[in-house]
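Residue strings, one per chain:
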Amino acid sequence: MNIGIYVYPNAEVLDFAGPFEVFSTANRLGEQKDAVNVFLVSEKPGPLLARGGLQIIPHYSFADHPTIDVLIVVGGIHDEEMGKASVLAWIAAQSSRSEITASVCTGVFLLAGAGVVTDQRVTTHWQDMDDLKKQFPALQVCEGVRWIDCGAVVSSAGISAGIDMSLHLVARLRSPDLARKTAKQMEFDWPVI
């Protein structure tokens, strides 16, 4: 199973690093036959600067990534990405082929801009909820939750909530026991299941 995490300039660091850590830790703790291939994808090849000036080098670009079974779109300063037709088209195309499309924080804006979410229940960072409701009034924006699972689409609240959501995905895709072991290994307080 391939888990592709979409990153872009000014992406929030924990939005992609948290999920990456969850899946890579689950790989270490789980059965080899259940291991997933987790990687970062950007629009173009080469390094980019995430939020706070952290330089990262994504594994793949739009031109050369493997098939994506689970797409995770992260948040950050997303306004420029919202204006890129090629980015929104790529997100829409990957979502149509993937088993699950997920967002962390303001990544849900990109899912909405791409038409991946239209009227579903979603969540985002508390500070961005009003903007999400104004820009996409048909969405059912839910407050006070760490993540929402609507089947093919899963969204999380801000920043560290992406870790909760990723643990939920480990439980859903692999097993609740592996999710609990992963949370314990990460010393992450996750009393969900």
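Our subject is the structure that appears above.
Cut-offs applied
- Residues numbered from 1 in each chain as written.
- Predicted model: local features only at pLDDT ≥ 70, side-chain atom pairs only at ≥ 80, totals over all residues.
- Heavy atoms only, no water.
- Axes fitted to C-alpha atoms, helices over the stretch in contact; angles between N-to-C directions.
- Helix = DSSP H or I, 4+ residues; strand = E, 2+ residues; numbered from the N terminus.
- Parallel < 35°, antiparallel > 145°, perpendicular 65-115°, else oblique.
- Contact = heavy atoms within 4.5 Å.
- Nonpolar A, V, L, I, M, F, W, Y, C, P; charged D, E, K, R; others polar.
- Pairing = 2+ DSSP bridges.
- Core = buried A, V, L, I, M, F, W, Y, C linked by side-chain atoms within 4.5 Å.
- Buried < 20%, exposed > 50% of the residue type's maximum accessible area, 1.4 Å probe, protein only.
- Expected span 1.5 Å × (residues − 1).
- Arc of directions from axis to C-beta.

**A look at the packing of helix 1 (residues 13–29) against helix 7 (residues 176–185)**
For the pair helix 1 and helix 7, the least separation of the axes is 9 Å and the interaxial angle reads 110°. When the axis of helix 1 is compared with that of helix 7, the two are roughly perpendicular. Side by side, helix 1 and helix 7 meet where Val22, Thr25, Ala26, Arg28 and Leu29 of the first sit next to Leu178, Lys181, Thr182 and Gln185 of the second. For the contact of helix 1 with helix 7, a count of residues per class yields four nonpolar, three polar and two charged.

**A look at the sheet that holds strand 10 (residues 147–149)**
In space, the seven strands of this open sheet follow the order 5-2-1-6-7-11-10, with mixed pairing throughout. The sheet is open, and its two borders are formed by strand 5 (60–61) and strand 10, each paired with just one other strand. Bridge analysis of strand 2 (residues 37–42) against strand 5 gives two bridges, and the strand direction is parallel. Pairing of Ser42 across the sheet is with Ser61, part of strand 5. Against the sheet, helix 1 makes contact with strand 1 (2–6), strand 2, strand 6 (70–73) and strand 7 (100–104), and its axis sits at roughly 160° relative to strand 2, the strand it touches most. Across the face of the sheet, helix 6 (residues 161–173) comes into contact with strand 6, strand 7, strand 10 and strand 11 (153–156) while running at roughly 160° to strand 7.

**Some remarks on the nonpolar core**
Grouped together as the largest cluster of nonpolar side chains are 62 residues, with contacts concentrated most on Tyr6, Phe16, Ile72 and Ile91. Element by element, the count of residues in this core is highest for helix 6, at seven residues.

**Some thoughts on helix 3 (residues 85–97)**
Look at helix 3: 19 Å from first C-alpha to last across 13 residues, which is about the 18 Å you get at 1.5 Å a residue. Those residues of helix 3 not exposed but buried are Val87, Leu88, Trp90, Ile91, Gln94 and Ser95. Down the axis of helix 3, the buried set is contained in an arc of 160°. They therefore lie on one face. Exposed positions of helix 3 whose direction lies more than 90 degrees from the buried face are Ala85, Ser96 and Arg97. Considering only its buried residues, helix 3 is in contact with strand 1, strand 2, strand 6, helix 2 (79–82), strand 7 and helix 4 (107–113).

Bear in mind that shape data such as this cannot, by itself, settle questions of function.
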